Amino acid sequence: MDIIIISGLSGAGKSRVAAVLEDMDFYCVDNMPVEMMPKFVELCLATQGRYERVALVTDVRALENISDLFNTLDEMRGMGCVLSILYIEAEVGTIVMRYKETRRRHPLDTAGRGIADAVKEEMKILLPLREQADEIIDTTGLTLNGLQRRLNKRFMVGQDHKTMNITIKSFGFKHGMPIEADMLFDVRFMPNPFYIPELRDKTGLDDIVKDYVFGLEQSNKFLERICDMFDFLLPYYVEEGRRYLVICFGCTGGRHRSPAVAQALYDHLCGQGYPVDCIHRDIDRA
């Protein structure tokens, strides 16, 4: 069981980090008290594999002694957990601006000491934790895409293909374009099997239609170039932290050409190890 302990400065972006990890299929719990962590691990282990990747956001300022956290982490390691400490920080000026924008009060800003002094005090309190961290992320000037790339690189090694879900959809233009499309391709440049009597009642999933569609030179060149394009693009989408991609192919009625092409790309990407779904929206419509 892999557990990431997310901690660091207030206002540095711990909750944002947890949200990104949640999109990466971690089970995330915000504001987890340190004393409850071992019991939580017991409950996760009892599910026998349901919770294998967990991220816990914790605020250690409430502890009387920060060594209590380290003792708890040692206890969790003894239970068979692989732990990583992810420390989130930002420059003092950045945190001050964030608090002013949200009009929230810093937890250590008491007796009118000011946000900047409160942040500096928190840095001193958390210094022992920072020194023990496996990864330190400074969110000053870091965009969401930059944060996604940083976390992907650190925690998704060897699992790149699993970080993006791809949906391939065929449709007919006469039934309306799918609004969810990220990329849309019009395959109406291919001759229409609808006008061939023996193919009219078939679909693009039938071998006789597929043989007709891909027996055409332009169809084969199109499929070859589409596959090459996505072989090139998808690793970069993954690197950028893209989580979902909807690829749509349209023909006139959505029954012959677009299902054949969509299914061919589906087979190709499955062979590359990507998690792919294929939907033929209008294949049974007149």
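These remarks concern the structure in this document. Keep in mind the model is a prediction, meaning the values are calculated, not measured.

Basis of the calculations
Residues numbered from 1 in each chain as written. Predicted model: local features only at pLDDT ≥ 70, side-chain atom pairs only at ≥ 80, totals over all residues. Heavy atoms only, no water. Helix = DSSP H or I, 4+ residues; strand = E, 2+ residues; numbered from the N terminus. Rg over C-alpha atoms; globule rule 2.2 N^0.38 Å. Contact = heavy atoms within 4.5 Å. Lys, Arg positive; Asp, Glu negative; His and termini not counted. Charge placed at Lys NZ, Arg CZ, Asp CG, Glu CD. 1 Å grid on protein atoms, 1.4 Å probe; cavity = no way out; pocket = protein on both sides within 12 Å on 5 of 7 lines; lining within 4 Å. Points joined across faces, edges and corners; volume = space filled by probe spheres on them. Nonpolar A, V, L, I, M, F, W, Y, C, P; charged D, E, K, R; others polar. Pairing = 2+ DSSP bridges. Axes fitted to C-alpha atoms, helices over the stretch in contact; angles between N-to-C directions. Buried < 20%, exposed > 50% of the residue type's maximum accessible area, 1.4 Å probe, protein only.

### What about the overall build of the protein chain?
Check the secondary structure of the protein chain and you find 10 helices and 9 strands. For 286 residues, the compact-globule formula gives about 19 Å, and the C-alpha radius of gyration of the protein chain, at 26 Å, lies well above that figure. Over its C-alpha atoms, taken along the principal directions, the protein chain stretches across nearly 85 × 45 × 30 Å. A separation threshold of at least 6 residues defines the contact pool for the protein chain, and within that pool the share at least 24 residues apart is 78%. Treating the 35 positive side-chain charges of the protein chain as one cloud and the 43 negative ones as another, the clouds have centres 5 Å apart.

### Let's talk about the layout of surface pockets
If you roll a probe as big as a water molecule over the atoms, it shows you where there is empty space left. Looking at the largest pocket, its volume works out to about 520 Å³. Every residue lining the largest pocket is counted, 25 residues in all, and those nearest its centre are Gly-11, Ala-12, Gly-13, Lys-14 and Ser-15. Elements with a contribution of two residues or more to the lining of the largest pocket: α1 (14-23), α4 (92-102) and α6 (144-155). Partitioning the lining of the largest pocket into residue classes produces 8 nonpolar, 10 polar and 7 charged. For the second largest pocket, the calculated volume is near 260 Å³. Classifying every residue of the lining of the second largest pocket by side-chain character gives 4 nonpolar, 5 polar and 6 charged.

### Looking at the sheet that holds strand β3 (residues 53-57)
Across the sheet, 5 strands lie side by side as β2-β3-β1-β4-β5; this open sheet has parallel pairing. Of all the strands in the sheet, just β2 (27-29) and β5 (135-138) have a single pairing partner and so form its edges. Neighbour to neighbour, the strand axes of the sheet diverge by 20° on average, direction disregarded. This element, α1, spans β1 (2-8), β2, β3 and β4 (82-89) of the sheet and lies at about 160° to β1. Against the sheet, helix α5 (residues 115-132) contacts β1, β4 and β5, and its axis sits at roughly 145° relative to β4.

### With respect to unusual backbone geometry
Not every positive phi belongs to a glycine, and Asp-25 is a case in point at roughly 75°. With respect to the element layout, Asp-25 can be found in the loop between α1 and β2. The exposure class of Asp-25 is exposed, given its relative accessible area of 53%. For Asn-31, which is not glycine, the phi dihedral falls at a positive 55°. Secondary-structure assignment places Asn-31 in the loop between β2 and α2 (37-46).

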